[in-house]
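# Structural description and commentary
Spelled out from the first residue to the last, the chains are:
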Amino acid sequence: MDQANPFETPRTYSLHRAEYLVGFAVTTGLMIAHFDEIRWLPAVALFLYIDLIGYIPGAIAFRRSGGRPIHKAYYVLYNVMHSLITQAAVAALWCWLVKPEWALLVLPFHLFGDRGLFGNFMKSFALPFEPVRQPGYLRLLDDLGLPHPKPVGHVTDPVPVGHVPVRKPVPTPRADAAAAQEAPARAAAAGESAARQAEALR
């Protein structure tokens, strides 16, 4: 929503997707206009390779995990392969090593479609690989007085904990003893600081 709170409300999420729908419409129009000039074999290969590398391995791992966290590598593969920066570099290399051609339109067509039509953006390590509503996000919407979005996919799966499990520090006897010894010193230092501030104000 802003730099300090990088969340999306349902309304801003829809507006975000709408921007990519415009790009999807433009690339679709260009593909239709140049349909006869597109080499479809490389076009299909360029369209599919993004998901073959970036999505399908993670999707399989997620389904096999039973809701447990999966390896970060699947997230990295997805984010790298579904990056406009990566695919722009692929297109530039293709133009240099092969030739500039209309088949390259399938790269933005794929990414714009993912984001505009399906609402799939970059994946965070802290969330499940596939979309599952998180209680924390629903509480945020409650705080903002906004309705909950509809469940999307995998509603029958166990509730995932996200990629990074929450680990609470386990206190040790030695740490407890050290903290107990430091507490009086901290209190005394705080008292001295307060006394100095009060003296300065007189």
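Treat the numbers as computed from the prediction; the structure is a model and nothing was measured.

### What to know about the overall build of the protein chain
Counting its secondary structure elements, the protein chain contains eight helices and zero strands. Each helix (α) and strand (β) of the protein chain, taken in turn from the N terminus, gives the series α-α-α-α-α-α-α-α. Looking at the protein chain as a whole, 27% of its 202 residues qualify as buried. For the protein chain, contacts bridging at least 24 residues in sequence account for 77% of all contacts bridging at least 6. Within the structure as shown, the protein chain displays about 13700 Å² of accessible surface, and the carbon and sulfur contribution to it stands at 66%.

### A look at the packing of helix α5 (residues 84-97) against helix α6 (residues 106-116)
Two elements in contact, α5 and α6, have axes separated by 10 Å at closest approach and are oriented at 165 degrees. For the element pair α5 / α6, the angle class is roughly antiparallel. Of the two elements, α5 crosses α6, and the hand of that crossing is right-handed. In this structure, α5 uses Leu84, Gln87, Val90 and Ala91 to contact α6, whose residues at the interface are Leu107, Leu111, Phe112 and Arg115. Within the contact of α5 with α6, the residues separate by chemical class into six nonpolar, one polar and one charged.

### Examining the side chain of threonine 27
Along the polypeptide, threonine 27 turns up in helix α1 (residues 10-33). Not counting chain neighbours up to four residues away, the residues in contact with threonine 27 comprise Leu105, Pro108, Phe109 and Phe112.

### What about helix α2 (residues 40-54)?
With 15 residues, α2 extends 21 Å from end C-alpha to end C-alpha; this agrees with the ideal 21 Å at 1.5 Å per step. Where α2 bends most, the angle comes to about 30 degrees, and this point is leucine 48. Within α2, burial applies to Pro42, Ala43, Leu46, Ile50 and Gly54. Against the buried residues of α2 lie α3 (56-65), α4 (72-81), α5 and α6.

### Some words on the packing of aromatic side chains
Per the stated rule, a full pass over the model turns up eleven aromatic pairs. On the numbers, 6.5 Å between centres and 70 degrees between planes, the contact of tyrosine 55 with tyrosine 78 is edge-to-face. Of the two residues, tyrosine 55 is situated in the loop between α2 and α3 and tyrosine 78 in helix α4; the sequence distance between them amounts to 23 residues. Take tyrosine 78: its relative accessible area is 3%, and that puts it in the buried class. Members of the aromatic cluster, each reached through a chain of ring pairs, are Tyr55, Tyr75, Tyr78, Phe125 and Phe129.

### Observations concerning a nonpolar patch on the surface
Together, Phe35, Trp40, Val44, Leu48, Leu52, Ile53, Ile56, Ile60 and Leu77 make up an exposed nonpolar region whose accessible area comes to about 770 Å². If one sorts the elements of the nonpolar patch by residue count, α2 sits on top with five residues. One can find leucine 52 in helix α2. You can call leucine 52 exposed: its relative accessible area is 55%.

### Let's talk about the environment of tryptophan 94
With respect to the secondary-structure elements, tryptophan 94 resides in helix α5. A sequence separation of ten residues divides tryptophan 94 from leucine 104, and the C-alpha atoms of the two residues are 8.4 Å apart. In contact with tryptophan 94, other than residues within four places in its own chain, are Arg39, Pro42, Leu46, Lys99, Glu101 and Leu104.

### Quick look at the pattern of salt bridges
In total, this model carries two salt bridges according to the counting rule given. Ionic pairing is found between arginine 39 and glutamate 101, a salt bridge with its closest N-O pair at 2.7 Å. Taken as a pair, arginine 39 in the loop between α1 and α2 and glutamate 101 in the loop between α5 and α6 lie far apart in primary sequence, 62 residues in all. A salt bridge links glutamate 130 to arginine 63; the shortest N-O distance between them is 3.2 Å. Taken together, the residues glutamate 130 in the loop between α6 and α7 (135-144) and arginine 63 in helix α3 connect sequence positions 67 residues apart. Arginine 63 sits in the partly exposed class, given a relative accessible area of 49%.

### As for the environment of serine 65
Its location among the elements puts serine 65 in helix α3. Of note is the side chain of serine 65, whose polar atom sits 2.8 Å from the backbone oxygen of phenylalanine 62.

What counts and how
- Just so you know, the residues in each chain are numbered from 1, in the order the chain's sequence is written.
- Two thresholds apply to this predicted model, a pLDDT of at least 70 for residue-level local features and 80 or more for giving and counting side-chain atom pairs, whereas whole-chain, interface and lining totals are computed over all residues.
- Hydrogens and water are ignored here; the side-chain numbers use all heavy atoms of the structure.
- Each helix is a run of DSSP H or I of at least 4 residues and each strand a run of E of at least 2, with the numbering of both proceeding from the N terminus.
- Here's how the labels work: a residue is buried when its accessible area is under 20% of the maximum for its type, exposed when over 50%, partly exposed in between, all with a 1.4 Å probe on protein chains only.
- The contact rule is simple, with two residues in contact once any of their heavy atoms fall within 4.5 Å.
- Each accessible area is a Shrake-Rupley result for a 1.4 Å probe, and residues are judged covered by the shown protein chains and nothing else.
- Note on definitions: angles span 0 to 180 degrees between N-to-C directions of axes, and those axes are lines fitted to C-alpha atoms, for helices only across the stretch in contact.
- If an angle is under 35 degrees, it is roughly parallel; if it is over 145, roughly antiparallel; if it lies from 65 to 115, roughly perpendicular; otherwise it is oblique.
- In this scheme, a crossing is called left-handed if the near helix is turned counterclockwise away from the far one by less than a right angle; it is called right-handed if the turn is clockwise.
- Gly counts as polar in this scheme, as do all residues outside two lists: the nonpolar Ala, Val, Leu, Ile, Met, Phe, Trp, Tyr, Cys and Pro, and the charged Asp, Glu, Lys and Arg.
- By definition here, a helix of n residues has an expected span of 1.5 Å times n minus one.
- One axis fitted to the seven residues ending at a residue, another fitted to the seven starting there: the angle between these axes is the bend at that residue.
- The pairing test for Phe, Tyr and Trp rings, Trp by its six-membered ring, is centres within 6.5 Å, and the orientation test on the planes gives stacked under 30 degrees, edge-to-face over 60, and tilted for anything in between.
- Any residue with relative accessible area above 30% and no salt bridge may belong to a patch, with like charges joined within 9 Å and the nonpolar Val, Leu, Ile, Met, Phe, Trp and Tyr side chains within 5 Å.
- Salt bridges are counted wherever a side-chain nitrogen of Lys or Arg sits within 4 Å of a carboxyl oxygen of Asp or Glu.
- A 3.5 Å cut-off defines polar contacts: any pair of N or O atoms within that distance qualifies, except that in protein one atom must be a possible hydrogen donor and the other a possible acceptor, and neighbouring residues in sequence count only when both atoms are side-chain atoms.

Keep in mind these values describe shape, not function.
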